[in-house]
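Read off the chains here:
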Amino acid sequence: MHWRDVSITNGPRPVSVPGQQALYGSTATRQIEQWAASTLPHHTLMSRAGLSVARLAQALQPHARCIWVACGPGNNGGDGLVAATHLHRGMQARGSKFHVVVTHLPNDGARLPADALDALQAARAAGVVFSEEPPAHFDLAIDALLGIGRIRPPQGRLALCLKVLRDSSSPVLCVDLPSGLDADTGTLTGEAGAARAGERHTLSLITLKPGLFTGTGRDAAGHVWLDDLGIAPPQSTPVSAWLGMQPTQATARLHASHKGSFGDVLVLGGQGIGVSGAGMTGAAVLAGRAALHGGAGRVFVGLLEDDAPHSTPWDPACPELMFRRPSLLLESDTLRNACVVCGCGGGTAVAALLPRVLSTARTLVLDADALNAIAADASLQTLLSLRRDRGRSTVLTPHPLEAARLLGSDTRQVMADRLKAAQTLADRFGACCVLKGSGSVVAAPGEVPIINASGNAALATAGTGDVLAGMIGSALAPLKLVDEQMQDRVASAVYQHGWLADHWHDTGHAGELSASRLAARVRPLAG
Ligand SMILES: NC(=O)C1=CN([C@@H]2O[C@H](COP(=O)(O)OP(=O)(O)OC[C@H]3O[C@@H](n4cnc5c(N)ncnc54)[C@H](O)[C@@H]3O)[C@@H](O)[C@H]2O)[C@@H](O)CC1
Ligand SMILES: [K+]
């Protein structure tokens, strides 16, 4: 996604406003569209949509000689036809070297929707050139094949056009949605695929849809723009999700503060090399460093060392971390009062600690091996579910496979509807759930989920998840009434995690992103 600090009040505008933006799924969008259409003269919405598409196309490729407009059998295709007519008129005026080519796919013998039929007749009357096949070369393609309508697996010419769009090295402007992308889930159908080359833009119409920002949506959509077509959704329309774009600047700390003002974080994880031969100490250290840089007053680290070294461990790069034997920590008040981050590199050793941790910790972030241990043990699941009623707060930070284990499903099912998977986990366990991956979902029991807008593939490297767990720990550590602010606080930490990756090279000389460098750049959240 591209962030630009400009705001155009009329017409397409880039999605870049800080704060939370409402996202509406296909059902809610249709309700808004039908309500708006009933208050406006016939064809108004499609006229506005087509004009907006044409304007953005011109702005993106002002010198294009050939624009290919691929139009499908529904109203999405109608938007494309209106845009093609505007572009044709504009290019005709510039001379014979400039032209628009439309490939229109009829509706399997069924009738076109009335608006789309009007748009087709107007395009023909204006002299727009139609072609059965995509042109051999184009400078910009407009993807108006499929929008929020119900999609069947594409075949024949539709599949061919989708493939040409996907493989295009020229820029592609998608109308409303990349064709084949599910507006609600961010999954792609059939031949539709995330773009492999070339610039991608999506002009979302009336509303922003959740599917643009999670799963394969972000890769497929590229730069997201919005034109609300002058429609403000009625307040009664339920928001499907929020797009989380929290500001990340830290506020100045009060002069009269001390380390106790910012809370303690206790990291339990990092199984030693022991008999398994696979040491994971670094995971707990990364979480500890991130918590420290995230502003926790004190950070304790209990390494689950099954080979019990005689020397006391310490972290030379971060000597502020206080290492303690887990057996001591489990009996201390710290377990009750700190925000406990449990599971980073915990291996199999973490399972033995979980009954005590689940029953005692006031605020708990469960990651990685702690989640796997809970997924494999029904009694731990019961303890987890009881925490909320006991006034304790929990955050789960699964990646899709860990989420699948907790849900008793598989990764494919989780990825088929990431919002639903995260919400199910949140509701089932009474916990805030961060389902990681492209467009991380932050769900909380009974609340509208937040889709995180920041981050990129540079975060797909070992240890960044441990850093995130530590960041969430420090974000929650100072809070007294955790539950009330938890989802927003967690979403802010998730946003900062991605933001750091998005702005990695802004200050120069950073080296490539690695988990330890990432942890060092974490800063306290505002508020
Ligand atoms: N009605 C209006 O006035 C407005 C409509 N808008 C546009 O309309 C879109 C929704 O329009 P529709 O509800 O017509 O849906 P779509 O345009 O998304 O397309 C659905 C059509 O594609 C067909 N289809 C689906 N899969 C197919 C396959 N594999 N092979 C062949 N045909 C297939 C369906 O049978 C249906 O006719 C929005 O995304 C937006 O672009 C917006 O411009 C707002 C205004
Ligand atoms: K489309």
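Since the structure is predicted, the reported quantities are computational estimates derived from the model, not experimental observations. (Residues numbered from 1 in each chain as written. Chains lettered and ligands numbered in written order. Predicted model: local features only at pLDDT ≥ 70, side-chain atom pairs only at ≥ 80, totals over all residues.)

1. Topic: the overall build of the chain
Line of reasoning, step 1. Looking only at helices and strands, the chain features 18 helices and 19 strands.
Line of reasoning, step 2. Rg of the C-alpha trace for the chain: 26 Å, near the compact-globule value of 24 Å for 527 residues, within the 12% margin.
Line of reasoning, step 3. For the chain, the C-alpha atoms occupy an extent of roughly 85 × 45 × 45 Å along the three principal directions.
Line of reasoning, step 4. The 527 residues of the chain split such that 53% are buried. (Helix = DSSP H or I, 4+ residues; strand = E, 2+ residues; numbered from the N terminus. Rg over C-alpha atoms; globule rule 2.2 N^0.38 Å. Buried ≥ 20, exposed ≤ 12 C-beta atoms within 10 Å, placed from the backbone.)

2. Some details on the domain arrangement of the chain
Line of reasoning, step 1. Its domain assignment divides the chain into domain 1 (13–243) and domain 2 (260–521).
Line of reasoning, step 2. Between the C-alpha centres of domain 1 and domain 2 the distance comes to 40 Å.
Line of reasoning, step 3. Facing the 15 residues of domain 1 at the interface are 13 residues of domain 2.
Line of reasoning, step 4. Listing elements by their share of the side of domain 1 that touches domain 2, those giving two or more residues are β2 (19–23), α6 (217–221) and β10 (241–245).
Line of reasoning, step 5. In terms of residue count, β10 provides more of the side of domain 1 that touches domain 2 than any other element does, three residues in total. (Domains from an automatic or database assignment. Contact = placed C-beta atoms within 7 Å.)

3. Let's talk about the nonpolar core
Line of reasoning, step 1. Core analysis: the largest hydrophobic core is formed by 160 residues, its most contacted members being Val-69, Ile-142, Val-267, Ala-287, Val-340, Val-341 and Val-490.
Line of reasoning, step 2. Among the elements that make up this core, the one with the highest residue count is helix α17 (residues 482–502) (nine residues).
Line of reasoning, step 3. Residues from two domains meet in this core; each of domain 1 (13–243) and domain 2 (260–521) gives at least three.
Line of reasoning, step 4. Leaving out residues up to four positions away in the same chain, Val-267 has contacts with Ala-284, Ala-287, Gly-288, Ala-291, Val-299, Val-301, Gly-302, Val-341, Cys-344 and Gly-470. (Core = buried A, V, L, I, M, F, W, Y, C linked by C-beta atoms within 7 Å.)

4. Thoughts on the confidence of the model for the chain
Atomic detail in the predicted coordinates should be set aside for any region of low pLDDT.
Line of reasoning, step 1. This prediction gives the chain a mean pLDDT of 90; 90% of its residues lie at or above 70.
Line of reasoning, step 2. pLDDT under 50 marks residues 1–9. Its contacts with residues more than four places away, or in other chains, come to 13 contacts. (pLDDT = per-residue confidence, 0-100.)

5. Examining the pairing of strand β14 (residues 339–342)
Line of reasoning, step 1. Where burial is concerned, the two faces of β14 agree: the one with Cys-339 and Val-341 and the one with Val-340 and Cys-342 are both buried.
Line of reasoning, step 2. With four bridges connecting them, strand β11 (residues 264–269) and β14 associate as parallel partners. Directly across from Val-267, in β14, lies its bridge partner Val-341.
Line of reasoning, step 3. As paired strands, β14 and strand β15 (residues 363–366) are joined by four bridges and run parallel to one another. Following the sheet pairing, Val-341 is matched in β15 by Val-365.
Line of reasoning, step 4. Traced from β14 through helix α10 (residues 350–360) to β15, the parallel crossover comes out right-handed. (Pairing = 2+ DSSP bridges. Right-handed = clockwise from strand over helix to strand, strands pointing away.)

6. Section: the sheet that holds β14
Line of reasoning, step 1. What the eleven strands build is an open sheet, ordered β2-β10-β19-β18-β17-β16-β15-β14-β11-β12-β13; its pairing is mixed. Both edges of this open sheet fall to β2 and β13 (322–323), since each of them pairs with a single strand only.
Line of reasoning, step 2. The sheet strands contacting helix α15 (residues 418–429) are β10, β16 (393–396), β17 (432–435) and β18 (441–443), and the helix crosses β17 at an angle near 150 degrees.
Line of reasoning, step 3. On top of the sheet, helix α16 (residues 464–476) reaches β11, β14, β15 and β16; it is set at about 170 degrees to β14, its chief contact. (Axes fitted to C-alpha atoms, helices over the stretch in contact; angles between N-to-C directions.)

7. Examining the environment of Ser-131
Line of reasoning, step 1. Its place among the elements puts Ser-131 in the loop between β5 (129–130) and β6 (140–144).
Line of reasoning, step 2. Ser-131 gets classed as exposed once you count the C-beta atoms within 10 Å, which come to 11.
Line of reasoning, step 3. Along the primary structure Ser-131 and Leu-329 are separated by 198 residues, whereas in three dimensions their C-alpha atoms are 72 Å apart.
Line of reasoning, step 4. When neighbours within four sequence positions are excluded, Ser-131 is seen to be in contact with Val-101 and Thr-103.

8. A closer look at the site of ligand 1
Line of reasoning, step 1. Around ligand 1, 29 residues are found, and the nearest of them are Gly-74, Asn-75, Asn-76, Gly-147 and Gly-149.
Line of reasoning, step 2. Listed by contribution, the elements that provide at least two residues to the shell around ligand 1 are α1 (26–39), α2 (44–60) and α3 (75–92).
Line of reasoning, step 3. Of all the elements, α3 adds the most residues to the shell around ligand 1, at four residues.
Line of reasoning, step 4. The residue inventory of the shell around ligand 1, partitioned by class, reads 15 nonpolar, eight polar and six charged. (Near = placed C-beta within 6 Å. Nonpolar A, V, L, I, M, F, W, Y, C, P; charged D, E, K, R; others polar.)

9. Remarks on the pairing of strand β7 (residues 172–175)
Line of reasoning, step 1. Because side chains alternate across β7, one face comprises the buried residues Val-172 and Cys-174, and the other comprises Leu-173 and Val-175, equally buried.
Line of reasoning, step 2. Crossover connection from β6 via helix α5 (residues 156–167) to parallel β7: handedness right-handed.
Line of reasoning, step 3. Of the pairings in the sheet, the one linking β7 to strand β8 (residues 200–205) comprises four bridges and is parallel in character. Residue pairing in the sheet places Val-175 in a bridge with Leu-203 of β8.

10. Here we look at the UniProt feature "binding site: (6S)-NADPHX" (unreviewed entry) in the chain
Line of reasoning, step 1. Here, the residues flagged by UniProt with the feature "binding site: (6S)-NADPHX" (unreviewed entry) are Ala-283, Gly-345, His-399 and Asp-466.
Line of reasoning, step 2. On the secondary structure map, Ala-283 appears in helix α7 (residues 281–293).
Line of reasoning, step 3. Exposure remark for Ala-283: the 29 C-beta atoms within 10 Å place this residue in the buried category.
Line of reasoning, step 4. Those residues in contact with Ala-283, other than ones at most four positions away along the chain, are Gly-269, Gly-270, Cys-344, Gly-345, Gly-463 and Asp-466.
Line of reasoning, step 5. Summarising the element assignment, Gly-345 is placed in the loop between β14 and α10.
Line of reasoning, step 6. Residue class for Gly-345 comes out buried when judged on the 28 C-beta atoms lying within 10 Å of it.
Line of reasoning, step 7. If we skip the residues at most four places from it in the chain, Gly-345 touches Gly-269, Gly-270, Gln-271, Met-280, Thr-281, Gly-282, Ala-283, Ala-284, Ala-368 and Asp-466. (UniProt positions renumbered as here; feature names shortened; annotations may be inferred.)

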